[in-house]
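The chain contents come next:
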Amino acid sequence: MKSANHLVSTDSRSSVRARTKSNPTSNDFVSLAETKALMAGSLSVRQQRLEAGDMVSTDEAAQMTGTSRVTMNAWIANGRAIGLTRTKRGFRLPKWQFDAPMWDVLPKLTKALGTTEGWALLTFLETPHPGLNGATPREAIERGMQDRAVALAGAESN
């Protein structure tokens, strides 16, 4: 599955990368047009991700884990669970996070990344990483490389 980062306007990102490579010490800002293109693409990509087949509501996640919606919201707030904010209200949650070994490593990833924000956590987990030979941290964790994924998360936050 492609991550949200890979579905955002590649033309806008390419032009930013090209400018950065040609002058890596440049203090230029991204143009207004590039920013608008990235933001417009981001909203539709996020909406698509929220509607993906592996997503569940807070109530469904609570039922899966034998808890309540209130507990699930608390877990989201403290980084125990990945909750993706919706444009209206509430959260959608990737159901695969409740499977071992992901459930066991998620608090460590949250701490290593220094964030409880769901979109940031999901982006890290679903973005291919060169330190994993192009695999995503999620794939690495599912293959038993939890320590490696946590180490990379710590490096990302620094």
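Refer to the structure presented above.
The structure presented is a predicted model; accordingly, all values stated were derived computationally and were not measured.

**Some points on the pattern of salt bridges**
Okay, so step 1: As enumerated under the stated definition, the model contains five salt bridges in all.
Okay, so step 2: For the salt bridge of Arg49 with Glu126, the shortest nitrogen-to-oxygen distance reads 2.7 Å. Note that Arg49 is positioned in helix α3 (residues 32-50) and Glu126 in helix α7 (residues 118-126), a separation of 77 residues in sequence.
Okay, so step 3: In this structure Arg49 comes out as buried when scored by relative accessible area, which is 6%.
Okay, so step 4: Judged by its relative accessible area of 5%, Glu126 is buried.
Okay, so step 5: Glu142 is the salt-bridge partner of Arg138, the closest N and O atoms lying 3.0 Å from each other. Here Glu142 and Arg138 lie together in helix α8 (residues 137-142), a separation of four residues that amounts to about one turn.
Okay, so step 6: Salt bridges linked by common partners bring Arg49, Asp54, Glu126, Arg138 and Glu142 together as one network.

**A short note on the packing of helix α6 (residues 102-113) against helix α9 (residues 146-157)**
Helix packing geometry: the angle between the two helix axes and the distance between the axes.
Okay, so step 1: Between α6 and α9, whose axes approach to 7 Å, the crossing angle comes to 20 degrees. Comparing their axes, α9 and α6 come out roughly parallel. Regarding α6 and α9, the two cross each other, and that crossing is right-handed. For the pair formed by α6 and α9, the contact residues are Val105, Lys108, Leu109, Ala112 and Leu113 on the first element and Gln146, Ala149, Val150, Ala153, Gly154, Glu156 and Ser157 on the second.
Okay, so step 2: Looking at side-chain class alone, the contact of α6 with α9 contains seven nonpolar, three polar and two charged residues.

**Thoughts on the nonpolar core**
Okay, so step 1: In this structure, Ile82, Leu84, Leu109, Phe124, Leu125 and Ile141 are the most contacted members of the largest nonpolar core, which totals 24 residues.
Okay, so step 2: Only α6, α7, α8 and α9 provide two or more residues apiece to this core.
Okay, so step 3: Listed in part, the nine residues of the second largest apolar core include Val56, Ile76, Phe98 and Trp103.

**Points about the sheet that holds strand β3 (residues 91-94)**
Sheet strands pair by backbone hydrogen bonding; their relative direction is either parallel or antiparallel.
Okay, so step 1: Across the sheet, three strands lie side by side as β1-β3-β2; this open sheet has antiparallel pairing. Only two strands of the sheet have a single partner each, and these edge strands are β1 (55-57) and β2 (84-85).
Okay, so step 2: Inspection of the sheet shows β1 paired to β3 by three bridges, in the antiparallel sense. Looking at the pairing, Ser57 lines up with Arg92 of β3.
Okay, so step 3: Relative to the sheet, helix α4 (residues 58-65) contacts β1 and β3, its axis offset from that of β1 by approximately 95 degrees.

Calculation notes
- Every chain is numbered on its own, with residues counted from 1 as its sequence reads.
- Residue-level local features of this predicted model are given only where pLDDT is at least 70; pairs of side-chain atoms are given and counted only at 80 or more, and the full residue set underlies all totals for whole chains, interfaces and linings.
- In computing side-chain values, all of the structure's heavy atoms are included and hydrogens and water are not.
- Throughout this description, the term salt bridge denotes a Lys or Arg side-chain nitrogen within 4 Å of a carboxyl oxygen of Asp or Glu.
- We count a stretch as a helix when DSSP gives it H or I for four or more residues in a row; a strand needs E for two or more, and each element gets its number in order from the N terminus.
- We call a residue buried when its accessible area falls under 20% of the maximum for its residue type, exposed when it is over 50%, and partly exposed in between, using a 1.4 Å probe and counting protein chains only.
- Where helices are involved, their axes are fitted lines through C-alpha atoms of the stretch in contact, as for all axes, and angles between N-to-C directions lie from 0 to 180°.
- In what follows, roughly perpendicular refers to angles from 65 to 115 degrees, roughly parallel to angles under 35, roughly antiparallel to angles over 145, and oblique to any angle outside these ranges.
- Handedness of a crossing follows from how the near helix is turned relative to the far one, being left-handed for an anticlockwise turn of less than a right angle and right-handed for a clockwise one.
- Note on contacts: a residue pair is in contact if any heavy atoms of the two residues lie within 4.5 Å.
- Throughout this entry, Asp, Glu, Lys and Arg are counted as charged residues, while Ala, Val, Leu, Ile, Met, Phe, Trp, Tyr, Cys and Pro are counted as nonpolar. The remaining residues, Gly among them, count as polar.
- Residues belong to one nonpolar core when they are buried, are Ala, Val, Leu, Ile, Met, Phe, Trp, Tyr or Cys, and are joined through side-chain atoms within 4.5 Å.
- Two strands are counted as paired when DSSP detects at least two bridges linking them.

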